[in-house]
Amino acid sequence: MTITLQEVLPTYFEESRRHQSEIWGKQLTFNKGEYIKIVAPSGSGKSSLTHFLYGLRNEYNGKLLYNGQDLHGYSVEDFARYRKDHVSIVFQDLRLFPEQSVRDNLELKRQLNPYHGPEKITEMAERLGIGSKLSVKSRICSYGEQQRVAIIRALLQPFDFLLLDEPFSHLDDNNSKKAMELMLEEAAARGAGILFADLERIDFFPWQRLYHL
Amino acid sequence: MALSFQPIKPLLQTGTNAASRWFSYIGLGIGVLLLLCSIQMYINIQQLLGGDSPRKDGHDFISISKTITDETMGQLEKNLFTEADIKDLEGKPFVSGVSPLLANNFRFQLSGGSLVPFVTDFFVESLDDTFIDTVPPTFHWQEGDEVVPIIIASDFLEIYNVFAPSYGLPQISESTATNLGLQLICYYPDGNRATFRGRVVALSDRINSIIVPKTFLNWANQRFATTKELRASRLYVKTKDANSPDFLNYLTEKHYKVNKDKTKFGRVKQVLQGIFSGLGIFGLLVVILALMLFSFYLQLMIARSKDNLQLLLMLGYSPNWLSTNVARRFIPVYILVVLFAVAATQLMQWAFHHFAMYDREELTTWLHWSVFATAGFLIALSLFTNYRMVKRLLYRMA
C-alpha cells in the first residue's frame, strides 16, 4: 500500500512554491508502515494536502495515487470505500456531530467498518481522560475534549494510513503524549503509516522521514 | 454485523415541517383514491354496457342507412351507399364485416294466398347469410326451384297480428307463420307478372325486413328490373361492440343513421366514460401534486440536515447506502397510504354493487385486478422518485 504524489501543486498556489517546498511539485511515495512528519508554517497548505489525500478536495495539478490508482478517477462510492477501509483522518477542525453524544459520534464511525468492539470506545475514552464525557453532547465538550474524541474516532476503523492535521492544537503536552501513544499503538497493530502535519516538530512522534511543506 | 441506519435517524432533521409531510400524505391518499375509483368505475361501465344488441359469435349486427335531410331528399345518389362508402366502412378497425341490404328493383307484391287472403305492394331484400341470425338449411334457391324460402322479421308478424282482426284476417302464431305459404308476385316493366310460391322458413329478431335468398333476388332483379344498377340503401354492419365510441363517432361524422335502441347505451357509456376519464386525470394530477409536495419536504429535510449528511459522507458512508436508507424510511407510510386508498375503493365498489346496482351479475363486488396493479405501480413510482431525488442530492453533496 502506497501513497504517491506526482508533482502535486494546489491550483491556487504560485508555481514558485515548487522550488520552496519539499512536497509541492515533487515526486514522493509514502509506504504503509512509515511515519512521515510534515512541518509547515501557517498558510503553507497543510490542510490542503491532508484534504487532497483524503479525497475531500481536488483543486490540484499533478497526480495523487493510492496504490497506483489516480484519485482523480475515483467515484464518490470509491471514496466512500477508501475512507472506510484504507485511510483515516483527524481533522484540524474536528468535525463532530454537535447534537450527538460523544459515544454516538464514536459509534457512528465504529459501526461503519468495525475494527474494534463497542467496549473499546469506553477503554480509549478512559485512557485519554474523557471517559466521563461519553454521554455528553459533543458541542458541550471543550475543544481539548472534542479533539480527543476526533482522535479516538479515527482509530475505530481499519486503515493503511492515518492522516493527522494538527491533531494536538488544543491539547497540552501531557494529553498530547497520551494521544500519540494510543495512535502509535493502533497504527502498529494495523501495520499502518502515519502522515503527521503540524506547525512544528513534535519530539514524541518517532518520524522516519521529515519534510518541510 | 450489518451497518445500521438507527444511529443515523436522529441526524436527519425533520424539523417543524411535519404539517407539510402530513398534507402530502393526505393529498397522496386522496389522489390515489380518486384514480383507483375512476379506474374501477370505468371498468364497471364497460361490464354493464358491454353487450346489449342481438349478438352472434360475440358480435353486434346493426343496420345503418344514410340520414335523409330536406337537402338530400329525392337525390338517390346521396341517400344510397356507394361502393366507396362500403369499402371505407370495411376498412375501419371496429368493423368486422359489412353486407349491403339489396332490395328489389321492380314492382313486387305479397299475397297471403288462400289462408290469409290479402295482397299488398311490398319489398324483399337479400343479405349475406352470415349476417342473418336464423338461417335454416332450407334457405336456398336456384333457378328452376318452385318455392322461394323467406325469412321475415318477427316485428312484421307482430304488426300483422295487430291489424289482422280489423280486416277480418286470422291472427297467426309463430309456428304457423313459419309454415305459411305466400305468393310472391313480380311485375315486368310492361305490367305483366310472374307469381312464385313463397314459404316462410324462419323469423328473425335481428333483421327488420323480408329476406329472400341472394340467388333469387339477383335473378329476379336481372329479369324484372327496370334498371340493372344495384344500390343499397341499408347496410348491415358486423362489429365487436356497437357501443364503441370510435364506431359511434364514425357514424355521426358520416351522417349515418342507426337503430337508436342499439346504440343509446353507447351514448350513455361515452358520457360516463368521459366523466370518469376526467375524474381519473384529476386524480392523477392530485397524485403528481402530492408527490411534488413530498419531494419539496424531502428536499427541505435534506437541506436542513446537510451538515450532518456531509459529515457522514466524509466519514466514509456510501452515498448510495445513505440514499437507499433515507428513501426506505418512507416505504411503510407510502404502502399504508395506498393500502388505505385501495380499501376505500373496495368499500366504494361494494357499496356501488350492493346498493346502487342491487348485486347485478354483470358486476362483481371485488375490485378489478388492474386497480391493484395501479396501486402497486403508484407505490413503486413514489418510492422510485424519492430514491432518485435523495440519491441525486446526496451525490451532489459527496
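Each chain has its residues counted from 1, running along the sequence as written. Lettering of chains starts at A and numbering of ligands starts at 1, both following the order in which they are written. Totals for whole chains, interfaces and linings use every residue, but because this is a predicted model, local features are given only for residues with pLDDT of at least 70 and side-chain atom pairs only at 80 or more, for both listing and counting. Just so you know, side-chain values use all the structure's heavy atoms and leave hydrogens and water out.

In this structure, what is going on with the overall build of chain A? I would like to understand it.
Summing up its helical and strand segments, chain A has seven helices and nine strands in all. Computation of the radius of gyration draws on C-alpha atoms alone. For the globule rule, the value is 2.2 Å times the number of residues to the power 0.38. Over its C-alpha trace chain A gives a radius of gyration of 17 Å, about what one expects of a compact globule, namely 17 Å for 213 residues. Residues count as neighbours in contact if any of their non-hydrogen atoms are within 4.5 Å of one another. Counting only contacts in chain A whose residues sit at least 6 apart along the sequence, the fraction spanning at least 24 positions is 75%. Per-residue accessibility takes into account occlusion by the displayed protein chains alone, with areas from the Shrake-Rupley method and a 1.4 Å probe. Carbon and sulfur atoms make up 46% of the accessible area of chain A, which totals about 8,700 Å². Side chains of chain A give 27 positive and 29 negative charges; the mean places of these two sets differ by 1 Å. Numbering goes from the N terminus for both helices and strands, where a helix is a DSSP run of H or I of at least four residues and a strand is a run of E of at least two. In this tally, Asp and Glu contribute negative charge and Lys and Arg positive charge; neither His nor the terminal groups of the chain are included. Here the site of a charge means atom NZ of a Lys, CZ of an Arg, CG of an Asp or CD of a Glu.

Help me understand the side chain of Ser-99 of chain B in this model?
Residues and elements named next belong to chain B. With respect to the helices and strands, Ser-99 occurs in strand β3 (residues 95-103). Among the polar contacts listed, one links the side chain of Ser-99 to the backbone nitrogen of Asp-128, at a separation of 3.3 Å. In this structure Ser-99 touches Leu-127, Asp-128, Phe-131, Leu-235 and Tyr-236, once residues within four positions along its chain are discounted. Polar contact is the term for a pair of N or O atoms within 3.5 Å; when the atoms are in protein, one must be able to donate a hydrogen and the other to accept it, and sequence-neighboring residues count only if both atoms are side-chain atoms.

Which parts of the structure should I look at to understand the pairing of strand β7 (residues 161-165) of chain A?
A regular strand places its side chains so that they alternate between the two faces of the sheet. Residues and elements named next belong to chain A. Judged by how many residues are buried, β7 sits mostly within the fold: five of five residues are covered. Of the two faces of β7, the one holding Phe-161, Leu-163 and Asp-165 and the one holding Leu-162 and Leu-164 are both buried throughout. Whether two strands pair depends on DSSP finding at least two bridges between them. When strand β6 (residues 87-90) meets β7, the two strands line up parallel, connected through four bridges. Directly across from Val-90, in β7, lies its bridge partner Leu-164. Where β7 and strand β8 (residues 193-198) come together, five bridges link them in parallel fashion. Each residue of the ladder has a partner; that of Asp-165, found in β8, is Ala-197. A crossover links β7 with its parallel partner β8, the connecting element being helix α7 (residues 173-190), and its sense is right-handed. Relative accessibility decides the category of a residue: with a 1.4 Å probe and only protein chains considered, values under 20% of the type maximum give buried, values over 50% give exposed, and everything between is partly exposed. Handedness rule for crossovers: strands pointing away from the viewer, path from the first strand over the helix to the second running clockwise, crossover right-handed.

What should I look at first to understand the pattern of salt bridges in this one?
Any two side chains of opposite charge can pair, so long as their charged atoms come close to each other. Residue and element names in this part refer to chain A. A side-chain nitrogen of Lys or Arg and a carboxyl oxygen of Asp or Glu constitute a salt bridge if their distance falls within 4 Å. Evaluated as defined, the whole model comprises 21 salt bridges over all chains. Among the ionic pairs, Asp-160 bridges to Lys-32, the shortest N-O distance being 3.1 Å. Taken together, the residues Asp-160 in the loop between α6 (143-154) and β7 and Lys-32 in the loop between β2 (27-31) and β3 (35-39) connect sequence positions 128 residues apart. Judged by its relative accessible area of 33%, Lys-32 falls in the partly exposed class.

Mind showing me how you'd approach the sheet that holds β8 of chain A here?
Pairing between the strands of a sheet is mediated by backbone hydrogen bonds and can be parallel or antiparallel. All names here are of chain A. Taking strand neighbours across the sheet as the criterion, the five strands line up as β6-β7-β8-β3-β9 in an open arrangement whose pairing is parallel. Only two strands of the sheet have a single partner each, and these edge strands are β6 and β9 (209-212). The mean inter-strand angle of the sheet, taken between neighbouring strand axes irrespective of direction, is 15°. Pairing between β3 and β9: four bridges, direction parallel. Pairing of Lys-37 across the sheet is with Leu-210, part of β9. Only the stretch in contact is used when a helix axis is fitted, and all axes are lines through C-alpha atoms; the angle between N-to-C directions ranges over 0 to 180 degrees. The strands touched by α6 within the sheet are β6 and β7, with β6 carrying the most contacts at an inclination of about 175°.

Any chance you could explain the interface of chain A and chain B here in plain terms?
Much of the literature gives interface size as the accessible area that the parts lose upon coming together. Every contact between the two is made by 18 residues of chain A and, on the other side, 20 residues of chain B. Here the quantity called buried area is the total loss of accessible area, with a 1.4 Å probe, experienced by two parts when brought into contact, counted for both. Together, the buried faces of chain A and chain B total about 1,700 Å²; carbon and sulfur atoms form 65% of this surface. Here chain A and chain B share zero salt bridges between them. Counting the contacts that link chain A with chain B gives nine residue pairs in polar contact (both at pLDDT 80 or more). Within the residue set of the side of chain A that touches chain B, elements represented by two or more residues are α3 (76-85) and α4 (102-110) of chain A. A per-element tally of the side of chain A that touches chain B places α3 of chain A first, with five residues.

Even after reading the chapter, I still don't get the environment of Thr-239 of chain B, so can you show me in this structure?
All names here are of chain B. Mapped onto the elements, Thr-239 comes out in strand β11 (residues 232-239). Look at Thr-239 and you get buried, because its relative accessible area is 0%. Remark: the alpha-carbon pair of Thr-239 and Gly-274, spanning 35 residues in sequence, is separated by 22 Å. Those residues within four positions of Thr-239 in sequence are excluded, and the remaining contacts are His-59, Asp-60, Phe-94, Ser-96 and Phe-247. Within the structure, the side chain of Thr-239 is placed 2.7 Å from the backbone oxygen of Phe-94, a separation counted as a polar contact.

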